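What follows is each chain in one-letter form.
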Amino acid sequence: MVKRIGFACKWVKNTNNRIESVAELNNRVTTVSWLNRQTKLDAEQRLWDIMQHNLTASLQLVKKVGSLTDQLRMVRLSSDILPMYTEGVWSTFWKRPDVRNYCESNFSIIGEVARNLNVRLSMHPGQFCCLSSDRTEVVENSRLEIEYHSDMIRWMGYGKSWQDFKCNIHVGGRVGPTAIRNILPKLSSTARNTLTIENDEISWGLDDTLKLADCLPLVIDLHHHFIKTGEYILPSDARITKVKDSWRGIRPVIHYSQCRPDVVNSSLSSLPDLSILVASGIKKQQLRGHSEYFTNSAVNSWAYGHWNWADIMCELKSKNLGSQLLYESWNI
DNA sequence: AAGCGTCAAGGCATG
DNA sequence: CATGCCTTGACGCTT
């Protein structure tokens, strides 16, 4: 069993101590408002160009990750590969048969390469995907967002069996875990095979996501759990056992990040104490932010204990650079 | 070349 | 009720 460490969405390089995006491995973007200012022809040409670029870049990214040592072969693909896929007006572009054919054949290559190179892939619909909203139109839009990801996952040849791919969401919204449970029968089999539920740091924490352990795998975000509760949860904790069991034999994935050292402003070799930080006037909002690198060695030592039972997705500004450093510090 | 304003969507915190 | 923030840069437009 390979123990993996991964990163999210973007490949960067270090140039003169500055983190710099590598264009040919990363996505291009556009905005609805920009598209609306163009002629339909120009706008659709732009979407076509972005689609071509992003699919090529995603393939190159998977190949790049596939060239790393086994334990670093894990990456989250961006949700922005096909911009406006679920937007009210421009979603029509993505229904064109020529567009769908292009997506289908190119995503299929990405999936094939990932499987050949043993790269573990995932995706993560963003904050606007709220399956547990109390507004029906928001739930419906969120369902479409899930199915957008499911289309990409299916084209890549995943979603055929339980957790051959991870598509991670938060509970989101005001209704709570029950809403997630209730909507599952309305989702595609691809979505039901790939969805995972992550605890957040404000509304729905680990105690809430655990209520879904019988129907979906749970992703514990160690940082979110710390921000919400102040706890450095241990691998031996009974709740961790429940999280692990929710994956039904597949090696789980957890998320890991650290507070920004300039916000915490304390020793980098001891565990920050949440209650002391909050008492000193630091807002939880500020503590939510992710650091550039994993500079706190005490927090790293604690997180290391979790690598035994789960692959670790790093959420860092320094992306692949920071996860590589973490791997090097752990692989002595 | 450099600087600045803009960006689909939800929801929470703040005033 | 209205505004700003979260995340976060990348892009396009102006100077």
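This text gives an overview of the structure that appears in the document.

For the rest of this paragraph, the subject is the overall build of chain A. A tally of regular secondary structure across chain A gives 14 helices and ten strands. Here chain A holds 332 residues, and 54% of them are scored as buried. Considering only intrachain contacts with a sequence separation of at least 6, the fraction spanning at least 24 residues in chain A is 78%. By element, 51% of the accessible surface of chain A is carried by carbon and sulfur atoms, the whole surface being about 14900 Å². Charge-centre separation for chain A: the mean point of 40 positive side chains lies 1 Å from the mean point of 34 negative side chains.

Around DNA strand C sit Lys 10, Ser 21, Arg 28, Val 29, Trp 34, Arg 46, Gln 127, Gln 285, Arg 288 and Gly 289, and those are all the residues in its vicinity. Expressed as a percentage, the sugar and phosphate content of the atoms of DNA strand C within 4 Å of the protein is 71%. Between DNA strand C and Ser 21, the relevant distance is 3.3 Å, taken from a phosphate oxygen to a side-chain nitrogen or oxygen of the residue. Looking at the surface near DNA strand C residue by residue, the class counts come to two nonpolar, four polar and four charged.

If you add up the space inside the largest pocket, you get close to 1500 Å³. The wall of the largest pocket is formed by 45 residues, among which Pro 125, Gly 126, Gln 127, Phe 128 and Cys 129 lie closest to the centre. When residues in the lining of the largest pocket are grouped by element, the largest group, six residues, is from helix H4 (residues 136–155). Partitioned by chemical class, the residues of the lining of the largest pocket number 16 nonpolar, 15 polar and 14 charged. By volume, the second largest pocket amounts to about 270 Å³. The wall of the second largest pocket is formed by 17 residues, among which Arg 4, Val 119, Arg 120, Leu 121 and Asp 164 lie closest to the centre. Put simply, the parts of the chain that give the lining of the second largest pocket at least two residues each are helix H3 (97–116) and strand E5 (120–123). Per-class residue counts for the lining of the second largest pocket are eight nonpolar, two polar and seven charged.

Taken together, the neighbourhood of DNA strand B is formed by 18 residues, with Thr 31, Val 32, Ser 33, Gln 127 and Ser 133 sitting nearest. Expressed as a percentage, the sugar and phosphate content of the atoms of DNA strand B within 4 Å of the protein is 60%. Within the backbone of Met 84, a nitrogen or oxygen atom sits 3.4 Å from a base nitrogen of DNA strand B. In this structure, Thr 86 approaches DNA strand B through a side-chain N or O atom, which is 3.4 Å from a base nitrogen. Contributions of two or more residues to the surface near DNA strand B are made by helix H1 (32–36) and H4. Here the surface near DNA strand B is composed, by residue class, of six nonpolar, eight polar and four charged.

Conventions we followed
- Residues numbered from 1 in each chain as written.
- Chains lettered and ligands numbered in written order.
- Predicted model: local features only at pLDDT ≥ 70, side-chain atom pairs only at ≥ 80, totals over all residues.
- Heavy atoms only, no water.
- Helix = DSSP H or I, 4+ residues; strand = E, 2+ residues; numbered from the N terminus.
- Buried < 20%, exposed > 50% of the residue type's maximum accessible area, 1.4 Å probe, protein only.
- Contact = heavy atoms within 4.5 Å.
- Areas by Shrake-Rupley, 256 points an atom, 1.4 Å probe, with all protein chains shown as cover.
- Lys, Arg positive; Asp, Glu negative; His and termini not counted.
- Charge placed at Lys NZ, Arg CZ, Asp CG, Glu CD.
- Near = heavy atom within 4 Å.
- Polar contact = N/O pair within 3.5 Å; in protein donor to acceptor, adjacent residues only side chain to side chain.
- Nonpolar A, V, L, I, M, F, W, Y, C, P; charged D, E, K, R; others polar.
- 1 Å grid on protein atoms, 1.4 Å probe; cavity = no way out; pocket = protein on both sides within 12 Å on 5 of 7 lines; lining within 4 Å.
- Points joined across faces, edges and corners; volume = space filled by probe spheres on them.

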